[in-house]
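Breakdown of the fold
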Amino acid sequence: MKFMKLGSKPDSFQVDGDNIRYVATELATDIVINVGDVKFYLHKFPLLSKSARLQKLVANANDETSDEIHIHDIPGGPAAFEICAKFCYGMTVTLNAYNVVAARCAAEYLEMYETAEKGNLIYKIDVFLNSSIFRSWKDSIIVLQTTKSLLPWAEELKLVSHCLDSIASKACIDTSKVEWSYTYNRRKLPSENGKDPIWNGVRKSQMVPKDWWVEDLCELQIDLYRKVITTIKTKGRVSGDVIGEALNAYALRRLPGFSKGIVQSVDITKYRSLAEAIVWLLPTEKGSIPCAFMLRLLRAVILLECGETERKELMKRIGQQLEDATVADLLIRAPSGETAMYNVDIVQSLVEEFVTNEQNAETDFPMENEYQESRSPKLGSDGSKMQVAKLVEGYLAEIARDPNLPVSKFVNLAETVSRFPRPSHDGLYRAIDMYLKEHPGISKSERKRICRLMDCRKLSVDACLHAVQNERLPLRVVVQVLFFEQVRQATSSAGNSTSELPGSIRALLPGGSHGSSRSTTTNTEEDWDAVPTAEDIKALKGELAALRLGGSDINLNDGAKNDAEKVAANKMKGMIMSKIFSKLWSSKERNGELSSSDTSESPGSGSAAAEETKSTPSRSRRHSVS
C-alpha cells in the first residue's frame, strides 16, 4: 500500500475522554472548533494561515462567540478535520488509501488552497493521488470504496471518476504489461502452484490470465461494481466472455447459495437489487455468457422475486443460446405452494423463446443461415434445433418422474419441438415410458395423447425391441412398432420401394395402398384401434425375434454369400414377414376390425365414440424390461 508522510513535528494532539481533543503546548489555546460532537481546543494562527474558510468563519463571528466555531457538515467528520489541523501545525501525518479521500474532501471544505499558502494540503494530496494512489491497482480499489461515505464531495472533486478510469484502464491493459500484484484464487496457475514447466533449463515467465482482475473487483459493493464494469465495457477493450466471467465470480461471491441455485436470505431487497443489476450488466454478444450461469441467475431472479422486465430480458438471452444448456441447468424448482416438483412453465417459455429467435434469424438472414449450415451443420440452425430437441427429451425424462406433473404440460413441451430435426425418437420414447411408469392411473385418452408424440418409424432397433415387450404402452402402439419394423425390413429387401411389397402389407401402410406423403407419423383413430390380442402379440414377438436373427445372419455373412444364397435368404425372410402379417391380418378379421374402409378410406376416418367403447385386450402375458 502506498502512503505519504506530511510534516516533521511530533504529534502533540491529546485526548480527554471521547469528545475533547487539544494540543499539548505551553501556549494557551485561543479557539474552540466544534466538529460534530467533538470539541477541538486549538490556536488561531496555524489554522487561519492555511484555511480560507476558517478565516471567514472567525471574521463573521460575533465578538462574544469569536473564540468558538461550529462545523457540522465537514466531510469525513472529526477524523478528517484532525488530519487537516495536524497539517496546519506541521505535525507528522500519514496519508494512505483509507484516509486520503476523507482528508482531500475536508481540505476542500476548509478551502486549503494555494492562494492561502504555497504547498497547502490540497496541492500535496492531489500530487499523492496522481503519482501514487491512482497508479496502484489495489489502492485505487480501496480509494473507490472509501468514496461511498463521502458523497457528493467525492464526485464533485472527480475522485470517483478518476478511480473508475484508473481501475478500468488497468483491467483493459495488455496482460503482458501487468506488473502489479493481484488476487487470483479461483483457479491456481501451474506457476502459482510451484509446477511451472521448465524449458531448456530456464523457467518460463508466469502467464497472466485474461481475467486476472476479476476477483479483486468482487470486494466492491454493487453500486460501485456496476460503475466499474460499465466503464470497462465503455472502453471496449475487454471481450464479452471475460466480462461474463467477472459477473459469474461476483454472483458467486455476493449471492449466498448461488452456485447451488438456492438463494435464500432475510435481506431480500438487498440481494434482489444485486441480481437485477447483474442482469443489466450482461454483455450483448451471443455466446459471451455461459448458458449455465444465466440459468443459475434466472433461478436467483425467480427466488428473489425480481422485476418482470429483468426476468424477460434474462429469458430472452437464455433463449438465444439454449442449445448450450444441460438438463441439470433446466431443473428449476417450482415455487413454494405448488404441487409439481419443477417449474415446467419457465422451461416452456425458454423453448418458445428459442423457437421465436430461430424463426426471426431465418427471416432476417436466410442466405447467411444457408451458408453457415453448408459450412458447419453443428453451427447451423438445424444443428441448434437438434441439440434443443435432445435437451428437451432429456428434460422430459427427468420431470416425468414427478407424480404431480400434468399430462398437458408434458405434451405441450414435447410438441414445441416436434418439428425439430433429430436422428431418432429414442429419447422421446424413454421420456414417454418413464411418464407412463410413474403415472399408471392416467386415462386411456391421455395415454394415447402421449404416445402420439412418438414416431414409431424413428425408433432404433434396441428401442423397438424394448417397446414390443413394454406392458405400459397401449397394445396398438406395440403393433405399430412391429409393423414399421416389418416395413423397414421389407423395404430394405425390396430396394426401398413400397410398390414391391405384398398387397397385404401395403394395405396396412398409413393412408392405405396409396402410402403417405407426410414427413411425420400421425396415429389416426383407426390405426390406434386396430389391435390384436395379447396372445397374437406374443406370437408376433417370437416371429420378430426370428426375423431379426435371420436378418443379422444375412448382414454378418453378406460379404461371403454369393448371389444365389442372398436370394434364398431374402425369400426365407419374406416368408417370415408374410407369416407375421398373416397372423396380424387373421387377428383383425377374428375381432371384426377389418373392413373395406381399412384400405379405401383416409386414415383420419372413424368414429371417436366407437373408439371409446372398444375394450383393450388382456395383457397378462406382456411384460416390461424397464
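To start, this report covers the structure provided alongside it. As the structure is a prediction and not an experimental result, all values here were calculated from the model.

Glancing now at the packing of aromatic side chains. Counted under the stated rule, the structure contains 11 aromatic pairs. Members of the aromatic cluster, each reached through a chain of ring pairs, are Trp-137, Trp-180, Tyr-182 and Trp-212. For Arg-53, the ring lying beneath its charged end belongs to Tyr-109, and the centroid distance is 3.9 Å.

The sheet built from five strands is open, its strands ordered E2-E3-E5-E4-E6 with mixed pairing. Both outer strands of the open sheet, strand E2 (13–15) and strand E6 (68–71), are each paired with one neighbouring strand and no more. Adjacent strand axes in the sheet meet at a mean angle of 20 degrees, parallel and antiparallel pairs treated alike. Bridging between E2 and strand E3 (residues 20–23) involves three bridges; their strand directions are antiparallel.

All right, on to the environment of Leu-150 then. The residue Leu-150 is located in the loop between helix H6 (137–146) and helix H7 (153–156) in this model. With relative accessibility at 8%, the residue Leu-150 sits in the buried group. Spatially, the C-alpha atom of Leu-150 lies 9.8 Å from that of Ala-106, the residues being 44 residues apart in sequence.

So, about the pattern of salt bridges. A side chain of one charge can pair with a side chain of the opposite charge when the charged atoms of the two come close. Applying the stated criterion across every chain yields a total of 19 salt bridges. In this structure, Glu-117 and Lys-50 form a salt bridge, with 3.0 Å as the shortest nitrogen-oxygen distance. Highlighted residues: Glu-117 in the loop between helix H4 (100–109) and helix H5 (121–131) and Lys-50 in the loop between helix H1 (44–48) and helix H2 (52–60), separated in sequence by 67 residues. The class for Glu-117 is partly exposed, based on a relative accessible area of 29%. Put simply, Glu-111 and Lys-56 hold a salt bridge, and the shortest N to O gap is 3.2 Å. You can see Glu-111 sitting in the loop between H4 and H5 and its partner Lys-56 sitting in helix H2, a full 55 residues away along the chain. Judged by its relative accessible area of 15%, Glu-111 is buried. The network of salt bridges with shared partners includes Asp-11, Arg-21, Glu-82 and Lys-86.

Along the polypeptide, Tyr-225 turns up in helix H10 (residues 222–235). The class of Tyr-225 is buried, set by a relative accessible area of 0%. For the pair formed by Tyr-225 and Tyr-250, sequence separation is 25 residues and the distance between their alpha carbons is 9.1 Å. Apart from the residues within four sequence positions on either side, Tyr-225 is in contact with Leu-217, Leu-220, Ala-246, Leu-247, Tyr-250 and Leu-281.

Turning our attention to H4. Within H4, 10 of the 10 residues are buried, which leaves it mostly tucked inside the rest of the structure. Among all positions in H4, only Val-100, Val-101, Ala-102, Ala-103, Arg-104, Cys-105, Ala-106, Ala-107, Glu-108 and Tyr-109 are buried. Following H4 by one or two positions, Glu-111 adopts a phi angle in the positive range, close to 55 degrees.

Cut-offs applied
- Residues numbered from 1 in each chain as written.
- Predicted model: local features only at pLDDT ≥ 70, side-chain atom pairs only at ≥ 80, totals over all residues.
- Heavy atoms only, no water.
- Phe/Tyr/Trp six-rings, centres within 6.5 Å; stacked < 30°, edge-to-face > 60°.
- Lys NZ or Arg CZ within 6 Å of the ring centre and 35° of its normal.
- Pairing = 2+ DSSP bridges.
- Helix = DSSP H or I, 4+ residues; strand = E, 2+ residues; numbered from the N terminus.
- Axes fitted to C-alpha atoms, helices over the stretch in contact; angles between N-to-C directions.
- Buried < 20%, exposed > 50% of the residue type's maximum accessible area, 1.4 Å probe, protein only.
- Salt bridge = Lys/Arg side-chain N within 4 Å of Asp/Glu carboxyl O.
- Contact = heavy atoms within 4.5 Å.

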